[in-house]
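Report on the structure
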Amino acid sequence: MRPGLYIHVPFCTSRCDYCAFATWSDRFDFLDEYVDAICAEIATRTRELGHSSFSTVYLGGGTPSLLSPAQLERILAPVVAEAGEVTIEANPESLAADPSVYREVGINRVSLGVQSLSDRELALLGRHHRAAEAEQAIALLGQAGMRFSTDFIFGVGGGEPARMLEEVEGLVSKGGQPGHISAYGLIVEPGTPLSEHPELFPDEDAAVDFYLSLDRLLGRAGFECYEISNFARTGQRSVHNWRYWMQGEYLGVGPSAHSFLSGVRSWNVRDSYRWGKALSARGEAAAGSETLTESQLVFEGLSLALRTSLGVPAAALDLEAIPDGLYGLTEDGRAVLTVEGRLVHSAIALLLDEEAVSPDELRHHQALGSTADAA
Ligand code: SF4
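Residues numbered from 1 in each chain as written. Predicted model: local features only at pLDDT ≥ 70, side-chain atom pairs only at ≥ 80, totals over all residues.

Residue placement: Ala 134 occurs in helix α5 (residues 131-143). When the C-alpha atoms of Ala 134 and Thr 150 are compared, they prove to be 9.7 Å apart, with 16 residues separating the residues in sequence. What Ala 134 contacts, discounting residues up to four positions off in sequence, is Pro 92, Val 114, Leu 117 and His 129. (Helix = DSSP H or I, 4+ residues; strand = E, 2+ residues; numbered from the N terminus. Contact = placed C-beta atoms within 7 Å.)

Here it is in structure tokens:
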């Protein structure tokens, strides 16, 4: 099967107060140079691969919507011809005024970083945009007929769970787009400005209540939770991200990007400046790699599948050690976490037994997932 392609775009309008990603908010003078460099890295890596045919392409960051249509076209033209899904991450303040320009360069899906529709929460997060801009961006995507997803962060500053649930309900109650919602509990990275304000950290009980309510609300609106933080209507899953959870192959380019090809995981230099330097000096920017043993591959594959609606082969879990109500069994012998089980996924993953499933059995299991809901 053809691999996916991930392209990292390390630029943001400003740095959010909780973010420790590899991104720049003060080097827009480097944008043109970055486009030259990423095109060169794509050319080198696709030459090594022996082809430039990808089934999915994902522009992530950072804020890829800061690139102009001409820059996007330069990057994408060599790699999108055979891609079924091409996603761009966008923030409301930098979404194209007419999002149909994305379609013209081969992009057919937008992942919009809404995060909240409350100005108070957006300010606490240090986000650049405000609620009105997010609403405007959602309206523009709808008018352009783009397939899109919206990201939310819950638990900010104690959170306003009831209000956020109303916002999500307002978004999905009309049917149509967005057909996909991602919802993440706030994670405050050490060393970020927000980490100095523990009074604004999420309240764990409130976050649990919110997640349970969100799952019910989205379920009523026709969304399936197909991965712990991701909900989609039929045909609207992120095919690219599903590939990660099913251990599919992907090539990653750009600073900090990871690749997974032929059982080898490799990663690029994290710092954007050093990534550019490495590319010009040696034509590639790998910082390291590891070849996974079969046992590591099976354990990782099971842990990832456990996060999803595919679940794991029941034989791979010590079911007797798991309290009732945290998982269900399907007729074809899979154990799938319930919503309560998803809340304690990490603890349940400790009960996985990689010896109980052979690599071939795991691959067969993952293939069941690929026939599930592909857009
Ligand atoms: S927009 Fe995203 S990547 Fe950029 S600073 Fe904010 S959280 Fe980090």
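This next bit is on the site of the ligand. In the region of the ligand, the neighbouring residues are Cys 12, Arg 15, Cys 16, Cys 19, Phe 21, Thr 23, Gly 61, Gly 62, Thr 63, Asn 91 and Gly 113. Tallied by class, residues from the shell around the ligand come to 4 nonpolar, 6 polar and 1 charged. (Near = placed C-beta within 6 Å. Nonpolar A, V, L, I, M, F, W, Y, C, P; charged D, E, K, R; others polar.)

All right, on to the domain arrangement of the protein then. For the protein, the assigned domains read domain 1 (4-243) and domain 2 (294-370). If you average the C-alpha positions of domain 1 and of domain 2, the two centres end up 28 Å apart. Elements with a minimum of two residues in the side of domain 1 that touches domain 2: α7 (204-220) and β7 (224-227). Counted by class, the side of domain 1 that touches domain 2 contains 6 nonpolar, no polar and 3 charged residues. (Domains from an automatic or database assignment.)

Here helix α13 (residues 359-370) is 12 residues long and its end C-alpha atoms lie 17 Å apart, about the 16 Å a rise of 1.5 Å per residue gives. Taken as a whole, α13 has its buried residues at Leu 362, His 365 and Gly 369. All buried residues of α13 lie within an arc of 65 degrees about the axis, which places them on one face of the element. In this structure, α13 carries Asp 360, His 364 and Ala 367 as exposed residues pointing more than 90 degrees from its buried face. Where the residues of α13 are buried, they touch α10 (294-306) and β13 (312-313). (Expected span 1.5 Å × (residues − 1). Buried ≥ 20, exposed ≤ 12 C-beta atoms within 10 Å, placed from the backbone. Arc of directions from axis to C-beta.)

Pairing is antiparallel in the open sheet, where 3 strands are placed in the order β13-β15-β14. Edge positions in the sheet fall to β13 and β14 (327-329), since each has one partner strand and no second. As judged from the 2 bridges shared by β13 and strand β15 (residues 334-337), these two strands associate in the antiparallel manner. Paired with Pro 313 across the strands is Arg 334, a residue of β15. (Pairing = 2+ DSSP bridges.)

For the rest of this paragraph, the subject is the nonpolar core. With 75 residues, the main nonpolar core has Leu 5, Ile 7, Val 57, Val 110, Leu 112, Leu 141 and Phe 152 as its most contacted residues. The element contributing the most residues to this core is α5, with 5 residues. Not counting the four nearest positions on each side in its chain, Leu 112 is found in contact with Ala 90, Pro 92, Ala 137, Ile 138, Leu 141, Phe 148, Ser 149, Thr 150 and Asp 151. The next biggest cluster of nonpolar side chains, apart from the first, holds 20 residues, and it includes Leu 306, Leu 310, Leu 317 and Tyr 327. (Core = buried A, V, L, I, M, F, W, Y, C linked by C-beta atoms within 7 Å.)

Now for the pairing of strand β12 (residues 286-291). The side chains of a regular strand alternate between both faces of the sheet. The element β12 is barely covered by neighbouring structure, given that only 0 of its 6 residues are classed as buried. In terms of strand pairing, strand β11 (residues 264-268) meets β12 through 5 bridges, oriented antiparallel. Pairing of Ser 266 across the sheet is with Ser 289, part of β12.

With that out of the way, let us pick up the pairing of strand β2 (residues 56-61). Taken across its 6 residues, β2 has 5 buried, putting it largely inside the fold. The pairing of strand β1 (residues 4-9) with β2 spans 6 bridges and is parallel. Its bridge partner lying in β2, Ile 7 is registered against Leu 59. The parallel pair β1 and β2, bridged by helix α1 (residues 31-49), forms a crossover whose chirality is right-handed. Since β2 and strand β3 (residues 85-90) lie parallel, the crossover through helix α2 (residues 69-76) that links them has a hand, and here it is right-handed. (Right-handed = clockwise from strand over helix to strand, strands pointing away.)

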